[in-house]
Amino acid sequence: MHIRFTKMQGAGNDFVVLDETRGRLGLTNAQYRWLADRHFGVGADQILTVRPSPGAGFDFEYVIHNADGGEVEHCGNGARCFVRYVRDKQLTQRNPVRVKVKKGELSLNMNADGRVTVDMGPPVFVNPEVPFDANGLVAQSMGNFERWPVELPEVGEVLMSTLSMGNPHAVLLVGDVDTAPVLQWGPVIENHVRFPARVNVGFLQVVSRNEVRLRVFERGAGETLACGTGACAAVVAGVRLGLLDAQVDVHTHGGVLTIEWQDSPNHDEPVFLTGPATTVFEGEIEVPDLC
């Protein structure tokens, strides 16, 4: 199969973007995995697909596949690239652009400075909806949130806060992200039995009430240069733990993301993610037949 693609990146989180507005390509999970492969395919953290509006109130459908080929619910950095793509390709001139994702909807806004702001919707804290199995655990309170003691093999109990940004996240506080055991603990927590849908793992270093450093081990992708939903989850957790103010600059290996979240009695205000979105190159590639 011969397909056209666009390579994009948002704060170093890189994507292959496919246009299915005129018809489905019908790619298999193995073919998505091949496209994401940095040796045999194009190379990307995720594959983003643009599809026509699925119904009233939406401009497009936004579909995300991880580097392992599996479809996932959400990707914040990808959402910024998505809106730049559809506007650069003149698929729409609307601003904001409303898109349907696997678990809800997003509002994407192009700013005058060239950055993109995404209304990520409200965070979810109900454990079964994250999903997180807290059965038998006793949470440790901090601020107006909690940290759960999760047992890791050969490590012992590790405290983490859990929430969903449309996809599951565990946030761990660390003193220095440079020395944090991201590559050692990340895959263990990602696949821990207490996270039945697996989980994205954020290692959060608080610099000040308005500035943090973050590394994220992404579900199905490993550590990436940046993770938009991970940045949102980390700031939301930090706000509820009493460590952060409502607007925070998140320093990742790929660049700076700005997160805004105003907590409320019901903790149900939307989270806003602002950051860059850049086209790297365009091309065509022959995708092998893979089941």
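From a predicted model like this one, the values you see are computed outputs, not experimental measurements.

K.L.:
Whenever I open this one, the overall build of the protein chain confuses me. Can you help?
P.N.:
The helix and strand inventory of the protein chain stands at four helices and 19 strands. Here the protein chain has a C-alpha radius of gyration of 18 Å; the compact-globule value for 291 residues is 19 Å, and the two agree. By its C-alpha atoms, the protein chain is 55 × 40 × 35 Å across when sized along the principal axes. Sorting the 291 residues of the protein chain into buried and exposed places 54% on the buried side. A separation threshold of at least 6 residues defines the contact pool for the protein chain, and within that pool the share at least 24 residues apart is 61%. If you sum the accessible surface of the protein chain, you get close to 12100 Å²; carbon and sulfur atoms cover 49% of it. Measuring between centres, the 25 positive side-chain charges of the protein chain sit 4 Å from its 36 negative side-chain charges.

K.L.:
Explain the packing of aromatic side chains to me, please; I cannot follow it from the model alone.
P.N.:
We describe a pair of aromatic rings using the distance from one ring centre to the other and the angle between the two ring planes. Taken as a whole and assessed by the stated rule, the structure comprises seven aromatic pairs. Ring centres of F125 and W261 lie 6.4 Å apart, and the angle between their planes is 50°; this geometry places the pair in the tilted category. Here W261 lies in the loop between β17 (255–260) and β18 (272–275) and F125 lies in the loop between β8 (116–119) and β9 (140–142), a separation of 136 residues in the sequence. Site record: aromatic cluster; members linked through ring pairs are F60, Y62 and F82. Looking at R240, its charged tip hangs above the ring of F125, at a distance of 4.6 Å from the centre.

K.L.:
Where do I start with the environment of F195 in this structure?
P.N.:
Summarising the element assignment, F195 is placed in the loop between α3 (182–190) and β13 (200–208). Residues F195 and A170, spaced 25 residues apart in sequence, show a C-alpha to C-alpha distance of 9.4 Å. The contacts of F195, once residues within four sequence positions are left out, are P131, F132, M160, T162, A170 and I189.

K.L.:
In this structure, what is going on with the side chain of D14? I would like to understand it.
P.N.:
Examined against the element boundaries, D14 turns out to sit in strand β2 (residues 13–19). Judged by relative accessible area, D14 falls into the buried class, the value being 10%. Polar contacts involving the side chain of D14 include one to the side chain of K7, which spans 3.3 Å. Of the polar contacts made by the side chain of D14, one reaches the side chain of R38; its length is 2.8 Å. Setting aside anything within four residues of it in sequence, one finds D14 in contact with K7, M8, Q9, R38, G43, A44, D45 and Q46.

Reading the values: rules and limits
- Residue indices follow the written sequence of each chain, beginning from 1 at its first position.
- For this predicted model, a pLDDT threshold of at least 70 governs which residues receive local features, and a threshold of 80 or more governs which side-chain atom pairs are given and counted, while totals over whole chains, interfaces and linings are taken from all residues.
- Note: side-chain values were computed over all heavy atoms of the structure, leaving out hydrogens and water.
- The helix and strand labels rest on DSSP assignments: H or I over at least four residues marks a helix, E over at least two residues marks a strand, and numbering proceeds from the N terminus.
- In this description the radius of gyration comes from C-alpha coordinates, and the expected globular size is given by 2.2 Å times residues to the power 0.38.
- Accessibility here uses a 1.4 Å probe with only protein chains present; expressed as a share of the type maximum, an area under 20% marks a residue as buried, one over 50% as exposed, and anything in between as partly exposed.
- We call two residues in contact when some of their heavy atoms are within 4.5 Å.
- Here, Shrake-Rupley sampling with a 1.4 Å probe gives the accessible areas, and only protein chains in the shown set may cover a residue.
- Within this scheme the basic residues Lys and Arg register as positive and the acidic residues Asp and Glu register as negative, but His and the chain ends are omitted.
- Just so you know, the charge point we use is NZ for Lys, CZ for Arg, CG for Asp and CD for Glu.
- Between the rings of Phe, Tyr and Trp (Trp by its six-membered ring), a pair exists once the centres lie within 6.5 Å; its type follows the angle of the planes, with under 30 degrees stacked, over 60 edge-to-face, and the other angles tilted.
- In this scheme, Lys NZ or Arg CZ marks a charge over a ring once it lies within 6 Å of the ring centre and within 35 degrees of the ring normal.
- Polar contacts, as used here, are pairs of N or O atoms within 3.5 Å; protein pairs need one atom able to donate a hydrogen and one able to accept it. Residues neighboring in sequence count only if both atoms are side-chain atoms.

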